[in-house]
Amino acid sequence: MEAIIKKITDNIKRYNERSDIDGIMRAYEYAKKAHEGQFRKSGDEYISHPLSVALIMTELEMDAPSVIAAILHDVVEDTSITLQDITEEFGEDVALLVDGVTKIGKIQYTSQEEQQIENLRKMFLAMAKDIRVILIKLADRLHNIRTLKSMTVEKQLRIARETMEVYAPLAHRLGMSKIKGELEDLSLKYLDPIGYQEISDSINQKKLEREKFINSIIEVLTQKLAALEIKCQINGRAKHFYSIYRKMYTQNKTLDEIYDLFAVRVIVDSVSDCYAVLGMVHELYKPMPMRFKDYIAMPKPNMYQSLHTTVIGPFGRPLEIQIRTWEMHTVAEKGIAAHWKYKEGVTSNSESDTKLEWVRQLLEMQKETIDEDDFMRTLKIDLFADEVFVFTPKGDVINLPAGATPIDFAFSIHSAIGYKMMGAKVNSKIVPIDHILKNGDIVEVLTSSSVHGPSRDWLKLVKTSQARNKINQWFKKERREENIVRGRELIEKELRRHSLSHSQLFRDEWIAPILKRYTLATLDDLYASVGYGGLTAQKVVIRLRDEYLKIAKLERDEAMSSLPPEIDYSETKSTKTSSNGIIVHGIDNCLVRLSKCCTPVPGDDIIGFITRGRGVSVHRRDCPNIAPTSLTEEDLDRFIGVSWSTDKLSGEYLSEIQVEADDRTGLLAEITAAITETKIPMRSLNARTTKSNVAIITFTVEISDTTQLETIIRKIRGLPGVYEVMRCTQ
Ligand code: MN
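If you're wondering where the values come from, they're calculated on a predicted model, not measured in any experiment.

Draft legend 1. Summary view of the sheet that holds strand β16 (residues 639-640). As summarised here, the arrangement of the four strands in space is β13-β15-β14-β16, forming an open sheet in which the pairing is mixed. Of all strands in the sheet, those bounded by a partner on one side alone are β13 (592-594) and β16. Note that β13 and strand β15 (residues 616-620) share three bridges and pair parallel. Considered in β15, the bridge of leucine 594 is made with valine 618.

Okay, structure coming up:
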């Protein structure tokens, strides 16, 4: 034990001499005491395990809190010590790491379906919160699988499979190829002992011969590079067993057919040296076509960088050569751990910057690289905020969006479960149906045959479209009559919001395309669809309104094109103002009358019409009675320019306004109150109700200009149930 702890402290001093050695020693004493009397299956004292894990952490050159947490990683789970104790003794940082490792340790590995395994890996990352937790967990697993021999066969198989399916891929995604290789090789040994042995035997068989071959190449390269004055280290390496195994089985190759069974690795100081070495190698040996890969210019998604080339070596034997810098080498071996630059005295802020920088780089990398590896999807520790992973009681992992409720969970299992759902249990406790699920929750849906379908309120609680669609479907089928009534109500409400009436919009020729578009047969189907939420009332009304406005605009354009001509009488403009505030251009002292059909008020665009014997009658330019279509050719000459006097007008003008609204109690009172509030005198009021229950109210007010008119119109439009407010023309 003392030997291991000494190795740990020696290691950490080597890469960071200001590390918290004291903390590490205290953690050791603390854990030793806590695990006192506990033994591993191998017979070793338990403390040997956490210490070995901590040693692996120092081999990864991790910071002191990670090493301390590694020493303490099993005390909360396996002894009477609480997380609170750890916090008090070693601080929050260490406690959070220990807590993370403990939580991840509780994830049950049961399923073997690929999708399930993928979810499990994601759950690991989502729960870890801090990447160091994953690293401790990987080190923990590495030591456990190194010492797997003493376990039962059943346990060996379970741990080996879990390692192969969850831990090794995680290590790979984090770029930690050294740990990944060891995890895979050790797992293989238990999962397929015969296959493992075969590979091991055949590699060992020709070991001598191969070593001779590799050494001869190393010798040549060393000489050549010395001549080029490139400082380098060259070594030969055998591929990991598992990658050979996989190539043999997936590509159905014999050992001799695997080119990169052995590789020569050249490590140099700079990137330019890498390319210089590559040039030299290609001069020396013939490169095999399509086998050169520049991972320096195009790093792998897990940040791996190197040049790979396969060349035809002496005796026509293919051979892979890898060229990289020392920095690339560290990253290749340690992956994310290599980026864990820890400096004593550096604020925690810049520490998290380092982490963010890593994630940022990965994100950029992912954008640029099209790789079958979905590395990023699983790395996004913080970027997982939008997902949550929970368990079924059987141990299957269900992936839901963050904020999902047991309702989402129920519908993701089966719609029949959702329809019969009466409640839910999370981690064996009854929870409200809108309970927000957390990572790692075990969720159980309580169903009852007396439940007749979902509640409409659930639509507001669910996060998945699956649940929403299923709930909507149910309402669509089960409650048609109710939905029709509800849909109609929703549409009426929406119409009122737009101050439009049903009769204005619901024309057959406009409805038909909507029905077709949503494959509905009848108008009732449309209402029903709105009623259950398949279609929104807003969508329907907006579509109809657009049609309506198109027609209205056409009609208006037509009317505009038939307006009386603009007459410019400015040169002959008179300054005399008639009693009603009208200046008739070119004529003084004539009889001027405001027409009763359109009751113009100051501010309106107006035109004069010379009547036979009754002076000039003044109309709004948009008054239908003076549209050229309703006049004779001869009449057209009788238009005359008029304008409102700019003098302060004392006259009062009568204007008639028509309101269309829902016929409801209190409506009339509210309208009159609204008018009274404006202090504009009302001269008459008339109300009637149409057969379709629309109240038509007309009233006359005495106003001085269009501004007042607009005020009144706006006020009444704002009243509930009012569809339309307009000035009358007769
Ligand atoms: Mn452990």
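Draft legend 2. Representation of the packing of aromatic side chains in the model. Across all of its chains, the model carries 10 aromatic pairs by this definition. Considering the side-chain rings of tyrosine 30 and phenylalanine 90, the 5.3 Å spacing of their centres and the 90 degrees angle between planes classify their relative orientation as edge-to-face. Taken together, the positions of tyrosine 30 in helix α2 (residues 21-34) and phenylalanine 90 in helix α6 (residues 83-90) put the pair 60 residues apart, joining distant regions of the chain. Here phenylalanine 90 falls in the buried class, since its relative accessible area comes to 12%. On the basis of an interplanar angle of 20 degrees and a centroid distance of 6.3 Å, the ring pair of phenylalanine 506 and tyrosine 527 is categorised as stacked. Separated by 21 residues along the polypeptide, phenylalanine 506 in the loop between α24 (502-505) and α25 (508-517) and tyrosine 527 in helix α26 (residues 523-532) bring together distant segments of the chain.

Draft legend 3. View of helix α23 (residues 480-497). Compared with an ideal rise of 1.5 Å per residue, which puts 18 residues at 26 Å, α23 spans 25 Å between its outermost C-alpha atoms and is within 8% of the ideal. Turning to α23, its buried residues are Asn483, Ile484, Gly487, Ile491, Glu492, Glu494 and Leu495. Serine 499 sits one or two positions beyond α23 and adopts a positive phi of about 55 degrees.

Draft legend 4. How the structure looks around the environment of leucine 685. Looking at the secondary structure, you find leucine 685 in strand β19 (residues 682-689). A residue is classified by how much of its surface remains accessible, and leucine 685, at 34% relative accessible area, is partly exposed. Linking leucine 685 and threonine 672, residues 13 residues apart in sequence, is a C-alpha distance of 9.0 Å. When near neighbours in sequence (up to four residues on either side) are disregarded, leucine 685 contacts Leu668, Thr672, Ile697, Thr698 and Phe699.

Draft legend 5. Expanded view of helix α12 (residues 193-205). Helix length check: α12, at 13 residues, gives a terminal C-alpha distance of 18 Å against a target of 18 Å (1.5 Å per residue), a fit within 8%. Within α12, the full set of buried residues consists of Gly195, Tyr196, Ile199, Ser200 and Ile203. Along the axis of α12, the buried positions cluster into a sector of 130 degrees, meaning they face one direction only. Set apart from the buried face of α12 by more than 90 degrees, the exposed residues are Ile194 and Gln205. Where α12 is buried, its residues meet α11 (177-191), α13 (207-227), α14 (241-250) and β2 (262-268).

Draft legend 6. Local environment of the pattern of salt bridges. Per the stated rule, a full pass over the model turns up 25 salt bridges. Between glutamate 209 and arginine 317 there is a salt bridge, and its shortest N-O distance comes to 3.4 Å. Of the two residues, glutamate 209 sits in helix α13 while arginine 317 sits in the loop between β5 (307-312) and β6 (318-325), which places them 108 residues apart along the sequence. In this structure glutamate 209 comes out as partly exposed when scored by relative accessible area, which is 46%.

Draft legend 7. Inspection of the environment of lysine 470 at higher detail. Tracing the backbone through its elements, the reader meets lysine 470 in helix α22 (residues 465-478). Sequence separation between lysine 470 and proline 454 is 16 residues; the distance between their C-alpha atoms is 9.4 Å. Beyond its immediate chain neighbours, meaning those up to four positions away, lysine 470 contacts Phe411, Ser415 and Tyr419.

Draft legend 8. Seen up close, the packing of helix α3 (residues 48-59) against helix α9 (residues 131-146). It is at 9 Å that the axes of α3 and α9 come closest, and there the two elements cross at 125 degrees. When the axis of α3 is compared with that of α9, the two are oblique. In this structure, the crossing between α3 and α9 has a hand that is right-handed. Between α3 and α9, the contacting residues are Ser48, His49, Ser52, Val53, Ile56 and Met57 on the first element and Arg132, Leu135, Ile136, Ala139, Asp140, Leu142, His143, Asn144 and Arg146 on the second. Per-class residue counts for the contact of α3 with α9 are seven nonpolar, five polar and three charged.

Draft legend 9. Structural view of the packing of α9 against α11. Here α9 crosses α11 at 35 degrees, and the two axes come no closer than 10 Å. Both α9 and α11 take part in a crossing whose hand is left-handed. Across from Leu138, Arg141, Leu142, Ile145 and Arg146 in α9, the residues of α11 making contact are Ile179, Glu182, Leu183, Leu186, Ser187 and Tyr190. Across the contact of α9 with α11, the residue classes tally to seven nonpolar, one polar and three charged.

Draft legend 10. Quick look at the state of the cysteines. Overall, the coordinates contain zero disulfides when judged by the stated rule. Sulfur of cysteine 597: no disulfide; nearest cysteine sulfur belongs to cysteine 623 and is 3.5 Å away. Given a relative accessible area of 14%, cysteine 597 falls into the buried group. Cysteine 598 carries a free sulfur, and the closest cysteine sulfur to it, the one in cysteine 623, is 3.8 Å from it. The exposure class of cysteine 598 is buried, given its relative accessible area of 0%.

Draft legend 11. Just the pairing of β15, in detail. For β15, the tally of buried residues reaches five of five residues, placing the bulk of the element in the interior. Alternating positions in β15 separate into two faces, Val616, Val618 and Arg620 on one and Ser617 and His619 on the other, with burial throughout. In terms of strand pairing, strand β14 (residues 606-610) meets β15 through five bridges, oriented antiparallel. Of the residues in β15, the one forming a bridge with isoleucine 610 is valine 616.

Draft legend 12. Up close: the sheet that holds strand β10 (residues 429-431). Taken together, three strands build an open sheet; the order of strands is β10-β9-β11 and the sheet is antiparallel. Looking along the sheet, the strands with just one partner apiece sit at the ends: β10 and β11 (443-447). When strand polarity is set aside, the average angle formed by the axes of neighbouring strands in this sheet is 40 degrees. Sheet analysis places strand β9 (residues 421-426) next to β11, joined by five bridges and oriented antiparallel. In the strand pairing of β11, glycine 423 is matched with leucine 446. Those strands touched by helix α19 (residues 406-413) are β9, β10 and β11, and its axis lies near 105 degrees from that of β9.

Rules behind the numbers
Residues numbered from 1 in each chain as written. Predicted model: local features only at pLDDT ≥ 70, side-chain atom pairs only at ≥ 80, totals over all residues. Heavy atoms only, no water. Pairing = 2+ DSSP bridges. Helix = DSSP H or I, 4+ residues; strand = E, 2+ residues; numbered from the N terminus. Phe/Tyr/Trp six-rings, centres within 6.5 Å; stacked < 30°, edge-to-face > 60°. Buried < 20%, exposed > 50% of the residue type's maximum accessible area, 1.4 Å probe, protein only. Expected span 1.5 Å × (residues − 1). Contact = heavy atoms within 4.5 Å. Arc of directions from axis to C-beta. Salt bridge = Lys/Arg side-chain N within 4 Å of Asp/Glu carboxyl O. Axes fitted to C-alpha atoms, helices over the stretch in contact; angles between N-to-C directions. Parallel < 35°, antiparallel > 145°, perpendicular 65-115°, else oblique. Left-handed = near helix turned anticlockwise from the far one by under 90°. Nonpolar A, V, L, I, M, F, W, Y, C, P; charged D, E, K, R; others polar. Disulfide = S-S within 2.5 Å.

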